[in-house]
Each structure stands twice: as structure tokens, then as C-alpha cells.
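Residue-level listing of the chains:
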Amino acid sequence: MVGGTRLYHREVTIVPARVKPVVRWSIGHAIPRSAVRIAARRGDLQARLIDDSDRMPTAALNDLFNEIRGRGRLHKAKFAYLTANHGVVKELLTSNDFRGGVGAGDDSLLNRLFRWSAADYLHPASPPSLLVTEPPDHTRYRKLVTRVFTVRAVENLRRRTEQIAQELLDAIDPAQPVDLAETYCSLLPVTVIAEILGVPPEQRHHVLELGAAAAPSLDVGLSWRQFRTVDAALEAFDRWLGEHLDQLKANPGDNLLSQLVAAREDGVGLNDLELKATAGLVLAAGFETTVNLLGNGVALLHNNPGELAALRQDPALWPNAVDEVLRIDPPVLLTGRTAVRDTQVAGTRVPNGAIVVGILAAANRDPDLFDDPVRFDVSRPNAREHVSFSAGRHYCLGAALARMEGEVGLRALFDRYPNLQLKAGARRRGTRILRGYERLPAVLG
């Protein structure tokens, strides 16, 4: 009987470990995927956006952006409110009536099940991630990170970034076809952020692989197989990051992550969980989105030779060109916010707990702000007014780094190989929220 009781208790602990991922996938992906497919067939604009954004170039979504914009400054779709209006997106992102992330967090059965099934490892869309925390915690985290991730610190990295770009280009055989996404666009930002955060050279490829595998974690509607791949990657990344932080605590180096470990505000630093969440987000976001920026920039400049010629004639336009790349093909499609009280957005009542989705890529093409918004124009005077880095308290901490890497990386590539030609076989990444290229075949000579 005693042995039977032990066996029973052991089975009780084993079953949740097996069941929890199934519950998490069902609530976070299987049920939403079915609901989205049904709604899309019925013409719901949000569902169509989710369906259509898989592997499609951003330009191909423009008609849908216009259709959403045509429904008003704030459109009530089946699952959330949508806005494609630049001014309304800025209002949403800077409002104190909303918190980062989506989900009401109420005590409904589904939410209780979702909380019960939560994984033990960190997720980029779960607290204490900077993406979804709010003041006062968010303010404390951001102050500490900002102290070691300043614009001056980033500019000090420019020369090293230029060296890395040249080293990567030196390693490519220009006489052979090459996949620029694999050999250049991904390796430049992962090398830069790895040096910033003290990641040893022999571990960088592993970190890049984990980041790529975990990238769909921001999407909904993943298949069971995709979900398990993402789940395993997030768990492995969490484990690796914990080991890396332990190494830095024991042997601090001359890198920004070692500074973050030691940083204090009024005598208080980040605890272990906060430090891991913050470091993980900085590391992953530090290369995932910049990979997209570089790949998107290569494609846009290749496909618009007149704009590339303008940059050769006036290299001072390069910083503006990077902002134009960010505007017209942003690395992130959209972002969501949840109302924390009854409020109004664009004159429309939004109840407490409602989700509002700001479509960043659509706001960047708002004709009320940008003349001829679908045209790629490296000399556009207000290109920097895009919202690709978000706005308000959740404005991207790595914006200065991304801009610098985009400028250095694109300029170095086209200066070295002015006649490069992209070839058939380019493929967009299989993610909806993060937007970029998985493959970018080219001939450099």
C-alpha cells in the first residue's frame, strides 16, 4: 500500500510535466489558430492579417493595411481593436491607460489554466521581461540597463563594428554564390552583441541557432511541432544564459553585461531573475531584429538601384537610408497593448481588459504623414518618424545600436560589392511578428 501510494504520487508529479506543454499549446496556439482561420474565412481583418503575414513581404500587405485604415482610425475586429494610423499608434504606445503585452489576466478558467501550465523558463512576452513589465519595476530595470547601454557606448562600438563587417566580407568568396542572410546579415549583429555581452566566440553560433529557433515565440497559432521546437529553444537558451551569467559573476569582464551585473540604482541592482530576463531580451533582441534590418535593407537597395546610386553620390544619406528601410519594411510587424482601465482611443471607448493592436508597418505607411508612402526614398525628410522602435516607455533600448549596425553593415557590403545581384530563391522567415529574410542568395562579383 505504501509502495502504491508512492507510485501514485510519482505519477501525479509526472503527469503535469507532460500535460502542461499540451495545455499551454492548446490555449496559446491551437484554439487561437482555429478561431483565426474561421474568422479569416468570414472576412475579419485582424484574422486576415495574421493569416496573410506568414512569409509574405510587407509590401504585399499594403492593400490590407489600407483596408484596415479605411475602417477608421480605430477598428473593432473580432479579437481586438486595430489601428493602422500613425498618430493613433503613437497615442497607444505612450498612454498610461495601457500595459505592454496582450491578455486580460483575469481569473477566467482559460487564464487560470494558462498560468498553471506556465513554463519554468523565461519567455520574452512574460514578466519580468522589459517588453511587458510596467512602472515601477519597468522604470527600475530600464534605468539600470540605460546606464550601460548609452548612445555614447554604442558609438564607441562603431569602429569595432566596421572591423567585424570587413572581416566577414573577407571570409566570403566573391567568385561563388552566397547566402547573404546566413554569411553576413546574421553574423554581423550576433558578433557585435556577443562581444558587447561577453559571449565567448565558440558559443556564438549556438546562441544564433537558439535565437533563430525561438523567434516564433512571439507568434500565435503555432503547430504542435513548431511549438515544441520553440519550447525547447527557449528552455535551452534559458539554461545557457544562466550558466553565462554565473561565469560573468565569477569572472567579470570588460563588457556591458558584466557592468549590468554590477549596476546599482540607489544601492539596488537586478535580482537573478530580473537580470536573466533583461540580459536575455537584450541579447536576443540585439541580433534578431538587426538580422531583419540588414536583410530587408539589402533587398530594398538591390531592388531600387536609383536609391543606391543616390547613396553613392551622397554618402551622408546613409543614416537616413537606414531609417527609410526601418520605415518601409520594419523588423517587427505589430505590437499589442491591454487596457488597464476604461479609456478612449481616437475618440472610441475601449473597455478595461480590451486589447489594442498597433500595426507598426501600416503606421509607417500612413499617407497622412508620409508622402507617397509606399515609395522607398533614402532622402525622405521625415523617414525617422517611423514607429519601428515603438514609442513611449517601451521605446527600443537598442535603437541606437541597430541604426549604427544597419548603417555600417549595409554601407560596407555595397561599397565592397557595388554590382552584387540577388538571385532566385530568396525566402522570408516563417514568422509573422518578426519580419525578415531566412535566405538571401546572391552573386557578389
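A brief look at the structure comes next. Because the structure is a prediction, the values reported are computed rather than measured.

The 5 strands are arranged 1-2-8-5-3 in an open sheet whose pairing can be described as mixed. With one partner strand each, in any of the chains shown, strand 1 (75-76) and strand 3 (98-100) form the two edges of the open sheet. Sheet topology places strand 2 (residues 81-83) next to strand 8 (residues 355-358); 3 bridges connect them, and they run parallel. Within strand 8, the position partnered with Y81 by the bridge is V356.

Moving on, we get to the nonpolar core. With 78 residues, the main nonpolar core has L180, Y184, V298, L301 and L413 as its most contacted residues. The greatest single-element share of this core, amounting to 12 residues, is contributed by helix 14 (residues 272-303). Residues contacting L180, with those up to four places away along its chain left out, are C185, V298, L413, L422, L440, A442 and L444. Counting residues in each nonpolar core, the second largest holds 26 residues, with V89, V332, A363 and L434 among its members.

Helix 16 (residues 318-328) sits mainly inside the fold: 10 of its 11 residues count as buried. Buried residues of helix 16: W318, N320, A321, V322, D323, E324, V325, L326, R327 and I328, and no others. Here the buried face of helix 16 lies against helix 14, helix 15 (305-313) and helix 18 (399-416).

The rules behind these values
- Residues numbered from 1 in each chain as written.
- Predicted model: local features only at pLDDT ≥ 70, side-chain atom pairs only at ≥ 80, totals over all residues.
- Heavy atoms only, no water.
- Pairing = 2+ DSSP bridges.
- Helix = DSSP H or I, 4+ residues; strand = E, 2+ residues; numbered from the N terminus.
- Core = buried A, V, L, I, M, F, W, Y, C linked by side-chain atoms within 4.5 Å.
- Buried < 20%, exposed > 50% of the residue type's maximum accessible area, 1.4 Å probe, protein only.
- Contact = heavy atoms within 4.5 Å.

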